[in-house]
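Okay, here's what each chain looks like letter by letter:
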Amino acid sequence: MAGALAGIKVLDLSRVLAGPWASQLLADLGADVIKIEKPGSGDDTRQWAPPSLPDGRSAYYLCANRGKRSLTVDITQPAGQDIIRKLAAESDVLLENYKVGGLKKYGLDYDSLAALNPRLVYCSVTGFGQTGPYANLAGYDYIVQGMSGLMSITGPADGEPHKVGVAVSDLFTGLYAANAVQAALIARERSGAGQHIDMALFDCSLAMLANVASNWLIGRSVPSRLGNGHANIVPYQVFAASDGHFILACGNDKQFAEVCRLIGQPQWARDVRYATNPQRVANRAQLTPLLAMAFRHHGRDYWLDKLDKAGVPCGPIKDVAEAFADPQTQARGMEIEMRDAAGHEMPLVGCPIKLSGTPVEYNLAPPALGEHTEQILRALGYAETDIVALRDSGTV
């Protein structure tokens, strides 16, 4: 069965995470993605190990490069630039994450390639976008997490700012980019023309602050770190039982009343300080220690059972191994097994998108460096002698 994006050709000049995350999603949805890599070394993340496969492909690289064909091209050489132009002329989408203006000197910028292919959707992913005073700065997820305010609200209230455990600025930008690409493809159906998409890690990180950003814009009070607490809901955090920790996500006053009943303090639900959520937020410092003391009287599973039966949202805190062993993970197909052309088996995280009519298919394992170079060049019309000459010159 053809995927939702079957027939869409994507030329991916991005590396590391944000761009490859976007192109992997497009590949999962059925697009034909050609990954352009530097001869000899390839995507930086190939070496970000351990762990890795026996041939050296790192687990980091594997997480973002499923469904792609790898073509090695040295774009600094004129012959390499010709290859990219030929591919761009027949592509629907081009993804790149070079510094602003970095591809212009090779004639591979949006204006140059749009002149060859006016229908091309050209998506640039940078740290700070194509405009503004920081446009020429390099973009690193960690730094953007700091500059966007995300780290200022992450971590213990009385400790130092923390980054999120995965590169969320990269990942969210990749998701926004994949959405933008598909929107531009739909717009092209009406106009017949492609367009330039300007995606910035900084912009996406500000956008993903969501309610915290809105709290600042409306209330003009600088948000602080709350550890595992929530800026707008109380109690909505981690609590310690006698033998471990659990999450309590109490979203309304009725649920809070159930919590009070279960811990033997029903009067708290009628207390003027705690009866409504705004009151609980205002009196967080008084209420939270009282709840914490009550939850220490029994074990984690005891509370999870009681809270669940009372209809109060709650849950355990699992490590990654436990999360992947969970039967829900298996039922949802979130761990998959792929085998590449060389016979290497690799467990990978599945795509979370479930489409009833055009389901995701996993056809290509993350490629070895340059695995499809000859195949792609032949399809472009290069003769065997041309391919040998390109290899001898170090172009591919």
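Residues numbered from 1 in each chain as written. Predicted model: local features only at pLDDT ≥ 70, side-chain atom pairs only at ≥ 80, totals over all residues. Heavy atoms only, no water.

Enquirer: Explain the overall build of the protein here, please?
Expert: Helix and strand content of the protein: 16 helices and eleven strands. Along the first, second and third principal axes, the C-alpha set of the protein runs to 85 × 50 × 40 Å. Residues classed as buried in the protein amount to 44% of the 396 residues present. Accessible surface computed for the protein: about 19500 Å², of which carbon and sulfur atoms make up 56%. (Helix = DSSP H or I, 4+ residues; strand = E, 2+ residues; numbered from the N terminus. Buried < 20%, exposed > 50% of the residue type's maximum accessible area, 1.4 Å probe, protein only. Areas by Shrake-Rupley, 256 points an atom, 1.4 Å probe, with all protein chains shown as cover.)

Enquirer: What is the right way to read the side chain of T72 from this model?
Expert: Structurally, the position occupied by T72 is in strand 3 (residues 68-72). Apart from residues lying up to four places away in sequence, T72 is in contact with E37, K38, P39, L369, G370, T373, T395 and V396. (Contact = heavy atoms within 4.5 Å.)

Enquirer: Looking at this model, I keep getting lost on the nonpolar core. Mind explaining?
Expert: Across soluble globular proteins, nonpolar side chains have a tendency to be buried as a group. If you look at the biggest cluster of nonpolar residues, it comprises 29 residues, and the most contacted ones within it are V10, L26 and C123. Elements that contribute at least two residues to this core include exactly helix 1 (18-28), strand 4 (93-96), strand 5 (121-126), helix 6 (168-191), strand 6 (196-200) and helix 7 (201-207). Those residues in contact with V10, other than ones at most four positions away along the chain, are L26, A31, D32, V33, I34, V93 and L95. (Core = buried A, V, L, I, M, F, W, Y, C linked by side-chain atoms within 4.5 Å.)

Enquirer: How should I be thinking about the sheet that holds strand 1 (residues 9-13) in this particular structure?
Expert: Read across the open sheet, the six strands follow the order 3-2-1-4-5-6; overall the sheet is parallel. Bordering the open sheet on either side are strand 3 and strand 6, each of which pairs with just one other strand. Neighbour to neighbour, the strand axes of the sheet diverge by 20° on average, direction disregarded. Lying on the sheet, helix 3 (residues 78-89) is in contact with strand 1, strand 2 (32-37) and strand 3; it crosses strand 1 at an angle near 150°. Strands in contact with helix 6 are strand 4, strand 5 and strand 6; relative to strand 6, the strand with the most contacts, it is inclined by about 165°. (Pairing = 2+ DSSP bridges. Axes fitted to C-alpha atoms, helices over the stretch in contact; angles between N-to-C directions.)

Enquirer: Whenever I open this one, a nonpolar patch on the surface confuses me. Can you help?
Expert: Taken together, the side chains of Y134, L137, Y140, Y142, I143 and M147 present a nonpolar region at the surface, about 630 Å² in accessible area. Given a relative accessible area of 49%, Y142 falls into the partly exposed group. (Patch = residues over 30% accessible without salt bridge, like charges linked within 9 Å, V, L, I, M, F, W, Y side chains within 5 Å. Salt bridge = Lys/Arg side-chain N within 4 Å of Asp/Glu carboxyl O.)

Enquirer: What's the story with helix 1 in this structure? I'm lost.
Expert: It helps to recall that an α-helix has 3.6 residues per turn; residues three or four apart then point in one direction. In terms of burial, helix 1 is a largely internal element, ten of the eleven residues being buried. Looking at helix 1, one finds that the buried residues are A18, G19, P20, A22, S23, Q24, L25, L26, A27 and D28. Of the residues trailing helix 1, G30 is marked for its positive phi of about 115°.

Enquirer: Quick question: what am I supposed to make of the packing of helix 1 against helix 6 here?
Expert: Two measures define how a pair of helices packs: the angle their axes make with one another and the distance between the axes. As a packed pair, helix 1 and helix 6 sit with axes 7 Å apart at the nearest point and diverge in direction by 45°. Relative to helix 6, the element helix 1 is oriented oblique. For the pair helix 1 and helix 6, the sense of crossing is right-handed. Counting all contacts with helix 1, which are made through A18, W21, A22, L25 and L26, the residues of helix 6 involved are D170, L171, T173, G174, L175, A177, A178, V181 and Q182. Split into classes, the residues belonging to the contact of helix 1 with helix 6 amount to ten nonpolar, three polar and one charged. (Parallel < 35°, antiparallel > 145°, perpendicular 65-115°, else oblique. Left-handed = near helix turned anticlockwise from the far one by under 90°. Nonpolar A, V, L, I, M, F, W, Y, C, P; charged D, E, K, R; others polar.)

Enquirer: Even after reading the chapter, I still don't get the pairing of strand 8 (residues 245-249), so can you show me in this structure?
Expert: Moving residue by residue along a regular strand, the side chains alternate between the two faces of the sheet. By the bridge criterion, five bridges tie strand 7 (residues 236-240) to strand 8 in an arrangement that is antiparallel. The residue of strand 8 that forms the bridge with Q237 is L248. In textbook terms, the turn of a hairpin is the stretch between consecutive antiparallel strands, and for strand 7 and strand 8 this stretch comprises four residues. Examined bridge by bridge, strand 8 and strand 9 (residues 314-316) share three bridges and lie antiparallel to one another. Its bridge partner being in strand 9, I247 is matched across the sheet by G315.

Enquirer: What is the right way to read the sheet that holds strand 8 from this model?
Expert: Hydrogen bonds along the backbone pair up the strands of a sheet, which may run parallel or antiparallel. If you walk across this open sheet you meet the three strands as 7-8-9, and the pairing is antiparallel. Of all the strands in the sheet, just strand 7 and strand 9 have a single pairing partner and so form its edges. The sheet shows a mean angle of 25° between the axes of neighbouring strands, direction not considered.

Enquirer: Looking at this structure, I do not really get the side chain of T373. What am I missing?
Expert: Among the structural elements, T373 can be located in helix 15 (residues 373-379). Since its relative accessible area comes to 0%, T373 is described here as buried. A polar contact is formed between the side chain of T373 and the backbone nitrogen of T72, at a distance of 3.1 Å. With sequence-adjacent residues up to four places away left out, T373 is seen in contact with S70, L71, T72, R391 and V396. (Polar contact = N/O pair within 3.5 Å; in protein donor to acceptor, adjacent residues only side chain to side chain.)

Enquirer: Is there a simple way to think about the pattern of salt bridges in this case?
Expert: Opposite charge on two side chains permits them to pair, given that their charged atoms come into close proximity. For the structure shown, the criterion picks out 20 salt bridges. Between R378 and E374 there is a salt bridge, with its nearest N and O atoms 2.8 Å apart. One end of the pair, R378, and the other, E374, are both in helix 15, four residues apart, so they sit about a helical turn from each other.

Enquirer: Help me out: how do you make sense of the packing of aromatic side chains in this one?
Expert: Both the distance between ring centres and the angle between the ring planes are used here to describe each pair of aromatic rings. What the rule picks out here adds up to nine aromatic pairs. The interplanar angle of 80° and the centroid separation of 5.0 Å between the aromatic rings of W48 and Y60 together place this pair among those described as edge-to-face. Taken together, the positions of W48 in the loop between strand 2 and helix 2 (59-62) and Y60 in helix 2 put the pair twelve residues apart, joining distant regions of the chain. Relative to F246, the ring of F239 has its centre 6.5 Å away and its plane inclined at 35°; by these criteria the two rings are tilted. Assigned by exposure class, F239 and F246 land together as buried. Three or more aromatic residues joined by ring pairs form one cluster here, namely F239, F246, F295, Y302 and W303. Cation over ring: K163 sits above Y142, and NZ or CZ is 5.7 Å from the ring centre. (Phe/Tyr/Trp six-rings, centres within 6.5 Å; stacked < 30°, edge-to-face > 60°. Lys NZ or Arg CZ within 6 Å of the ring centre and 35° of its normal.)

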